[in-house]
Amino acid sequence: MLDRLESVEHRYEKLNQLLMDPDIISDSKKLREYSKEQSDLQETVEAYREYKEVREQISDTKSMLEEKLDAEMREMAKEELSELEDREEELTARLKILLVPKDPNDDKNVIMEIRGAAGGEEAALFASNLYRMYSRFAEVQGWKTEVMEANATGTGGYKEIIFMINGKGAYSKLKFENGAHRVQRVPETESGGRIHTSTATVAVLPEAEEVEVEIHEKDIRVDTFASSGPGGQSVNTTMSAVRLTHLPTGTVVSCQDEKSQIKNKEKAMKVLRARVYDKFQQEAQAEYDQNRKLAVGTGDRSERIRTYNFPQNRVTDHRIGLTIQKLDQILEGKLDEVVDALIVEDQSSRLQAAEE
């Protein structure tokens, strides 16, 4: 581990030198590439430097204890040594996790797709609850949310809503939300007070850069049509809505959220690029069953991952056996306890695999 950390620190120092080189500064592509690499290594290097400093302090304190000290000084040195050894243990565990290969998508923005599934109108209302929950969570994180496409129902639910969350590290925190979310509650329309079970599905796609997935214009069929739903006088009169079909994969994306056809096409292209990128990733991941086992739910989207029980104010994540009696708070976007537990579980699985 120490050899790898020395190598990481050496590379970090090399990048510092490269980023001051006039030839690199004038090359925007290399400057961006090296800046990102340096940023990715920074946390590991800082932790390693603190680790080395703590090790040095431990050595100095042990040497002090070998000298003749009065009782009070000896007791203080022993207490300091104990604290330093605890910190060394914490840093060792953290460094092991930092050395585990990072998901290259972790720092990306995400495109989330929520659809009402089993349960009709109640499922659509639950999809609306989930959209609000993720929007609130994004707001707390300082991220920006932008609706790409929405198919609303008359009662305030969503048959489907697609939105983008812009923020550093958004994918790293939201990628485990992939899957089927189940709700158990008494619908407002239920006069008998019976609890109904409905589901909504969530898909989380990392935003794909143009350089990551090559989509040729000749491979896209563009159809325009009149938008429907809220939108004022332009509804059903202008051909502002856009449908894109990626012919090689059969991926279809439509967008009518904007009044401008150009803006709708731009939004649709973002979703299309993310879906095609995700499709290629899913196919590659399927070839490596071990990778699928390591992930805490970024694989099969039909998997039921979580239950939201309203009568008992309870949320249960079935993948890690986590149950929290704070449904009301979680639906307000206070997802950190769930998100952090999933990240820790994923890191532990990856660390175990790396050690094996």
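Refer to the structure printed above.
Structure report, in brief.

Thresholds applied
- Residues numbered from 1 in each chain as written.
- Predicted model: local features only at pLDDT ≥ 70, side-chain atom pairs only at ≥ 80, totals over all residues.
- Heavy atoms only, no water.
- Helix = DSSP H or I, 4+ residues; strand = E, 2+ residues; numbered from the N terminus.
- Buried < 20%, exposed > 50% of the residue type's maximum accessible area, 1.4 Å probe, protein only.
- Contact = heavy atoms within 4.5 Å.
- Axes fitted to C-alpha atoms, helices over the stretch in contact; angles between N-to-C directions.
- Parallel < 35°, antiparallel > 145°, perpendicular 65-115°, else oblique.
- Left-handed = near helix turned anticlockwise from the far one by under 90°.
- Nonpolar A, V, L, I, M, F, W, Y, C, P; charged D, E, K, R; others polar.
- Pairing = 2+ DSSP bridges.
- Salt bridge = Lys/Arg side-chain N within 4 Å of Asp/Glu carboxyl O.
- Core = buried A, V, L, I, M, F, W, Y, C linked by side-chain atoms within 4.5 Å.
- Phe/Tyr/Trp six-rings, centres within 6.5 Å; stacked < 30°, edge-to-face > 60°.
- Expected span 1.5 Å × (residues − 1).
- Patch = residues over 30% accessible without salt bridge, like charges linked within 9 Å, V, L, I, M, F, W, Y side chains within 5 Å.
- Areas by Shrake-Rupley, 256 points an atom, 1.4 Å probe, with all protein chains shown as cover.
- Lys, Arg positive; Asp, Glu negative; His and termini not counted.
- Charge placed at Lys NZ, Arg CZ, Asp CG, Glu CD.
- 1 Å grid on protein atoms, 1.4 Å probe; cavity = no way out; pocket = protein on both sides within 12 Å on 5 of 7 lines; lining within 4 Å.
- Points joined across faces, edges and corners; volume = space filled by probe spheres on them.
- Domains from an automatic or database assignment.

We now examine the overall build of the protein chain. Counting its regular elements, the protein chain contains 10 helices and 11 strands. Per-residue burial over the protein chain gives 42% buried out of 356 residues. Pairs at least 24 residues apart make up 61% of the contacts formed inside the protein chain by residues separated by at least 6 positions.

Packed helices, taken two at a time, are described by the angle between their axes plus the distance between the axes. Relative to each other, helix α1 (residues 2-18) and helix α3 (residues 28-65) sit at 130°, their axes nearing to 9 Å. Our classification of the angle between α1 and α3 gives oblique. Viewed along their axes, α1 and α3 form a crossing whose handedness is left-handed. From α1, Leu2, Leu5, Glu6, Val8, Glu9, Arg11, Tyr12, Glu13, Leu15, Asn16 and Leu18 reach across to α3, where they touch Tyr34, Glu37, Gln38, Leu41, Gln42, Thr44, Val45, Tyr48, Arg49, Tyr51 and Lys52. Grouping the amino acids of the contact of α1 with α3 by side-chain chemistry returns 11 nonpolar, four polar and seven charged.

With that out of the way, let us pick up the sheet that holds strand β1 (residues 110-116). Reading across from one edge, β2-β3-β1-β5-β4-β9-β10-β11 is the order of the eight strands in this open sheet, with mixed pairing throughout. Looking along the sheet, the strands with just one partner apiece sit at the ends: β2 (144-152) and β11 (322-324). Across the sheet, the mean angle from the axis of one strand to that of its neighbour is 15°, orientation sign disregarded.

A separate point is the sheet that holds strand β8 (residues 251-255). Taken together, the three strands give an open sheet; going across it, the order is β6-β7-β8, and neighbouring strands pair in antiparallel fashion. Because the sheet does not close on itself, it has two edges, and the strands there are β6 (220-225) and β8. Between one strand and the next, the sheet's axes are offset by a mean angle of 15°, whatever the strand orientation.

We now examine the pattern of salt bridges. Evaluated as defined, the whole model comprises 25 salt bridges. Between glutamate 50 and arginine 87 there is a salt bridge whose closest N-O contact spans 2.8 Å. Taken together, the positions of glutamate 50 in helix α3 and arginine 87 in helix α4 (residues 71-99) put the pair 37 residues apart, joining distant regions of the chain. Given a relative accessible area of 29%, glutamate 50 falls into the partly exposed group. When its relative accessible area of 28% is taken as the criterion, arginine 87 is described as partly exposed. Here the salt bridges share partners, and the residues they tie into one network are Glu6, Glu9, Glu13, Arg49 and Lys52.

A separate point is the packing of α3 against α4. At their nearest, the axes of α3 and α4 sit 9 Å apart, and the two run at 155° to each other. Comparing their axes, α4 and α3 come out roughly antiparallel. Judged by the twist between their axes, the crossing of α3 over α4 is left-handed. Residues that form the contact of α3 with α4 fall into these classes: 13 nonpolar, four polar and 11 charged.

A few words on the nonpolar core. Residues Met112, Ile114, Leu130, Tyr134, Ile165, Leu174 and Tyr308 are the most contacted members of the largest nonpolar core, which totals 35 residues. When residues of this core are traced back to their parent elements, those giving at least two are β1, α5 (120-141), β3 (158-166), α6 (170-174), β5 (196-206), β11, α9 (327-330) and α10 (336-355). Considering every element that reaches this core, the biggest residue donor is α5, with eight residues. In this structure, tyrosine 134 is in contact with Met112, Ile114, Phe163, Ile165, Leu174, Glu177, His181, Val202, Arg306 and Leu335, ignoring residues within four places of it in sequence. In this structure, Tyr34, Val45, Leu65 and Ala77 belong to the second largest nonpolar core, which totals 22 residues.

Moving on to the packing of aromatic side chains. Under the defined criterion, the tally for this structure stands at five aromatic pairs. A centroid spacing of 6.5 Å and a plane angle of 20° characterise the contact between tyrosine 48 and tyrosine 51, whose relative ring orientation is stacked. With tyrosine 48 and tyrosine 51 both in helix α3, this residue pair falls three residues apart, about one helical turn. One exposure class covers both tyrosine 48 and tyrosine 51, and it is buried. Consider the rings of phenylalanine 137 and tryptophan 143, whose centres lie 5.9 Å apart with planes at 85°: the pair is edge-to-face. On the basis of relative accessibility, which here comes to 1%, the residue phenylalanine 137 falls in the buried class.

The end-to-end C-alpha distance of α5 is 32 Å, a good match for the 32 Å that 22 residues give at a rise of 1.5 Å each. Looking one or two residues beyond α5, the residue adopting positive phi is glycine 142, at roughly 85°.

The subject of this paragraph is a negative patch on the surface. Judged by side-chain charge, Glu75, Glu79, Glu80, Glu83, Glu85, Asp86 and Glu89 come together as a negatively charged surface patch. Here glutamate 79 lies in helix α4.

The next point concerns the side chain of glutamate 9. Positionally, glutamate 9 belongs in helix α1. Setting aside residues no more than four positions away along its own chain, glutamate 9 makes contact with Val45, Tyr48, Arg49 and Lys52.

In this structure, the largest pocket occupies an estimated 960 Å³ of space. In terms of lining residues, the largest pocket is bounded by 29 residues, among which Leu98, Val100, Lys102, Asp103 and Asp106 are the most central. Elements with a contribution of two residues or more to the lining of the largest pocket: α1, α3, α4 and α10. If one sorts the elements of the lining of the largest pocket by residue count, α3 sits on top with seven residues. Taken together, the residues of the lining of the largest pocket sort by class into 10 nonpolar, six polar and 13 charged. Formed jointly, the lining of the largest pocket draws a minimum of three residues from each of two domains, domain 1 (1-99) and domain 2 (110-210 + 296-355).

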